[in-house]
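Structural features, examined
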Amino acid sequence: MNGIKPASIPTFTSLAELLHWRAQQQGDQLAYIFLADGATQEERITYRALNERARTIGAFLQKRAPAGERVLLLYPPGLDFICAFFGCLYAGVVAIPAYPPQRIRADRSLPRIQAIKNDAQPVMALTTSSMLTGAEALFTQMPDMCVYATDTLPDEFALQWNAPGVDSATLAFLQYTSGSTGTPKGVMVTHGNLMYNQQIIQASHNLTHLSTFVSWLPLYHDMGLIGNILQPLYLGALAVLMSPVAFIQRPFRWLQAISRYKAYISGGPNFAYDLCVLKITPEQRASLDLSTWQIAFNGSEPVRHETLERFAAMFEPCGFRREAFAPCYGLAEATLIVTGGVVKPSFNHCYINEAALMRNQVIVQSEPDENTRTLVSCGPTWLDQAVVIVDAETCKKCAPGVVGEIWVSGPSVTRGYWGRSDETKYTFEAYLQDTGEGPFLRTGDLGFLYNGELYVTGRLKDMIIIRGRNLYPQDIESTVEQCHELLRPGNGTAFAIEQGGEEQLVIVHEVERRYRVADQDELAETIRQAVGDAHEVQPYAIVFIKTGSLPKTSSGKIQVHLTRQKYLAGELEIAGERHA
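Residues numbered from 1 in each chain as written. Predicted model: local features only at pLDDT ≥ 70, side-chain atom pairs only at ≥ 80, totals over all residues. Heavy atoms only, no water.

Brief notes about the overall build of the chain
Counted only if it meets this: The way it works is that DSSP assigns letters per residue, a run of H or I at least four long becomes a helix, a run of E at least two long becomes a strand, and they are numbered from the N terminus. The reference for a compact globule is 2.2 Å times residues^0.38; the radius of gyration itself is calculated from the C-alpha atoms. Classification of residues uses two cut-offs on accessible area relative to the type maximum, computed with a 1.4 Å probe and protein chains only: under 20% is buried, over 50% is exposed, and between them is partly exposed. We call two residues in contact whenever any of their non-hydrogen atoms come within 4.5 Å of each other. Neither His nor the chain ends is counted toward charge; the positive residues are Lys and Arg and the negative residues Asp and Glu. To locate a charge, the coordinates of NZ of Lys, CZ of Arg, CG of Asp or CD of Glu are taken.
Scanning the chain from terminus to terminus reveals 18 helices and 28 strands. In summary, the chain has a C-alpha radius of gyration of 24 Å against a globular reference of 25 Å for 580 residues, a match within 12%. Principal axes of the C-alpha set define a box for the chain whose edges measure 70 × 55 × 50 Å. Within the chain, buried positions represent 59% of all 580 residues. In the chain, of all internal contacts separated by at least 6 residues, the share reaching a separation of at least 24 is 72%. One way to put it: in the chain the 49 positive side-chain charges average out to a point 4 Å from where the 60 negative ones average out.

So this is what it looks like as structure tokens:
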């Protein structure tokens, strides 16, 4: 067993109990700061105020929703969402955090919200008074849904609150995953799942009540909610938050907040580090002090070695230490974290023979050369959580040195998908055919174990197989985005289609706004050369699409399968196309 819980944290069956205890023990301490403008405009709340506000909302819900009913949360980023989430826990109802309504483009928000509503059948939705007014057009398209604003509820409601009967097996919330096709599935997360995953996060990263968090991650998403809202509460620490839009519009705001509030831990998906390298100016870097940043986690999408190296080289003069990098692996179906943490002086990586990897074999070389690929470790498992590598077809454990599907077991594995018994059985109730061990969670991700640490190689259903060779989309994406300045980093993908009786490679990539149709021949030839040299395969089709049109999930992941469907249906916003 690795790591221990802080001695100051008693054992609780639910986060509601923990919040109540924090309010009693350190009520005047700041719990969360939200930077409304992404920089200096602060909104603050203490543990006592959060507890009282959660009780107010909890009492309101208890009068309108029996325990166990579902309640949809439609909030803009901010403290109101946090209060409402804990209000649901205090009422014993099941919270459903969802991507907030878009006031300008309600047509983009409504299909997903409607799909979640149809799936979970919530009894009501909660939001803010400003959102209720500003997104009125969206709410009027859901006439059968009662929507209430919680920021105007009178504080006296808190006096009417009654503690719900909640234990570790009680369902706490539904975490909706977008899926590759955009069809959301509700992961059933219990109070026990949450509390155990909090122990793993603390133990794996050696966190204490002095570990200040800074985060721009979406609050309705598992990494933002569980890692950056619930973990600070678990520790009794401070979290400084901003909206994802504030970060995307000006990445400097993220590092500026880390510098200003002396953050100990902060992080995000791989693209966030790339964005900082691309967008933060030398003048901005000169104002940063990143010396307190001890844990820079990187997860939710493939971790690229070159990204870590570029970021470290650029920000080491600001006090950043490359030893702070903490790549990790997790998924909503396992609550959040599966592997990761700080267990070494620097992040581990290894050099893998690429030809062998295409045959699902792992041959580690001592030095890199033109035939190797550098892979980054996502760390070990912690506490009683286990990972095994399995042949996805035979369901037998893979021999060492073989790539297979990542299977997970332990108390963080959630109950399953809401209302989907067949998918739950397939995904959450897998057993090893050779030993009978189980049940395991089938992640759908591919990887291998090396020196006790997990290396993720790709997604099982995204694998491109051409002439018997296994190609990973993210590797091709990386090659393409780096070959020309008109291609938008982090906004392209690759997949296979059947053409002429065999699998053919299609590349889809967004272009910068300054792209012109006259550029497409040069761009296509540059891509063909780069992909041919790096992967020994020639694309059948290269498709350039308009800025901002690549299908992505609400958390920013590229939807490969939906992109493929749109390509085949002729529904992409094409700016240019070239075929072999």
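Overview of the packing of aromatic side chains
Selection rule: Stacked, edge-to-face and tilted are the three classes for Phe, Tyr and Trp ring pairs, Trp counted by its six-membered ring, which pair at centre distances within 6.5 Å; planes under 30 degrees apart are stacked, over 60 edge-to-face, the rest tilted.
According to the stated counting rule, one finds 29 aromatic pairs in the structure shown. Between Phe85 and Phe173, the aromatic rings sit 5.5 Å apart at their centres with planes inclined by 75°, giving edge-to-face as the arrangement. Here Phe85 is found in helix H3 (residues 79-91), whereas its partner Phe173 is found in strand E7 (residues 171-177), with 88 residues between them in sequence. Accessibility assignment for this pair places Phe85 and Phe173 in one class, buried. Considering the side-chain rings of Phe247 and Trp254, the 5.5 Å spacing of their centres and the 85° angle between planes classify their relative orientation as edge-to-face. As far as burial versus exposure is concerned, Phe247 and Trp254 are alike and both buried. An aromatic cluster is present here, built from Trp216, Phe247, Trp254, Phe271, Tyr273, Trp293, Phe311, Phe315, Phe320 and Phe325 joined pairwise through their rings.

Section: helix H17 (residues 520-535)
Keep this limit in mind: To estimate the expected span of a helix, subtract one from its residue number and multiply by 1.5 Å.
Taking 1.5 Å per residue as the helical rise, H17 with its 16 residues ought to reach 22 Å, and the 22 Å between its terminal C-alpha atoms agrees with that figure. Of the residues one or two after H17, Glu536 is the one with positive phi, at around 55°.

Considerations on the side chain of Ser549
What counts, and what does not: In protein, a polar contact requires one atom able to donate a hydrogen and another able to accept it; more generally it is a pair of N or O atoms within 3.5 Å, and residues adjacent in sequence count only if both atoms are side-chain atoms.
Within the secondary structure, Ser549 is located in the loop between strand E27 (541-545) and helix H18 (560-569). What makes Ser549 buried here is its relative accessible area of 16%. Side-chain polar atoms of Ser549 contact the backbone oxygen of Lys546, separated by 2.6 Å. Ignoring anything within four residues of it in the chain, the contact list for Ser549 reads Glu510 and Glu573.

With respect to the pattern of salt bridges
Convention followed: Basic side-chain nitrogens of Lys or Arg form a salt bridge, by our definition, when they fall within 4 Å of a carboxyl oxygen of Asp or Glu.
Applying the stated rule across the entire model yields 21 salt bridges. Across the salt bridge formed by Asp475 and Arg373, the nearest N and O atoms sit 2.6 Å from each other. Taken together, the positions of Asp475 in helix H16 (residues 473-481) and Arg373 in strand E18 (residues 372-376) put the pair 102 residues apart, joining distant regions of the chain. The class of Arg373 is buried, set by a relative accessible area of 12%. Connected via shared salt-bridge partners are Asp119, Lys185, Arg420 and Glu423.

Comments concerning the nonpolar core
Using the following cut-off: For this analysis, a nonpolar core means a set of buried residues of the types Ala, Val, Leu, Ile, Met, Phe, Trp, Tyr and Cys, connected via side-chain atoms within 4.5 Å.
Counting 124 residues, the largest nonpolar core has Tyr32, Phe86, Trp254, Leu255 and Phe315 as the members making the most contacts within it. The biggest single contributor to this core is H3, with 11 residues. Among all residues touching Phe315, those that are not within four sequence positions of it are Leu255, Cys276, Val277, Ile280, Arg285, Leu288, Leu290 and Phe320.

Description of the pairing of E7
Applicable threshold: Strands were regarded as paired on the criterion that DSSP finds at least two bridges between them.
Among the seven residues of E7, seven are classified as buried, and the element is accordingly described as predominantly covered. Of the pairings in the sheet, the one linking E7 to strand E8 (residues 185-190) comprises six bridges and is antiparallel in character. Paired with Gln175 across the bridge in E8 is Val187.

Some thoughts on the sheet that holds strand E19 (residues 386-390)
The cut-off we apply is this: Lines fitted to the C-alpha atoms define the axes, with helices restricted to the stretch that makes contact. Angles between their N-to-C directions range from 0 to 180 degrees.
Here we have four strands laid out as an open sheet, ordered E19-E20-E21-E22, and antiparallel in their pairing. Where the open sheet ends on each side, the last strands, each with one partner, are E19 and strand E22 (453-459). The mean inter-strand angle of the sheet, taken between neighbouring strand axes irrespective of direction, is 50°. Relative to strand E21 (residues 441-450), strand E20 (residues 404-409) runs antiparallel, the two being bridged by four bridges. Bridging from a neighbouring strand, Gly404 pairs with Gly447 of E21.

Some points on the sheet that holds strand E26 (residues 502-511)
Whenever strands of a sheet pair, they do so through backbone hydrogen bonds, lying parallel or antiparallel. A sheet is described by the order of its strands in space; here four strands give the open sequence E25-E26-E27-E28, paired in mixed fashion. Taken across any chain shown, the strands that pair with only one partner, and hence form the sheet edges, are strand E25 (487-499) and strand E28 (574-579). Strand-to-strand twist of the sheet, defined as the mean angle between neighbouring strand axes without regard to direction, takes the value 20°. Summarising the sheet, E25 and E26 pair through nine bridges and their orientation is antiparallel. When the bridges of E26 are listed, Gly492 appears paired with His509.

Quick notes on the confidence of the model for the chain
Heads up, the rule is: Confidence scores labelled pLDDT are given residue by residue by the predictor and lie between 0 and 100.
Averaged over all residues, the pLDDT of the chain equals 89, while 94% of them reach at least 70. Counting interchain partners and residues more than four positions distant, the pLDDT-below-50 stretch residues 1-7 has 18 contacts.

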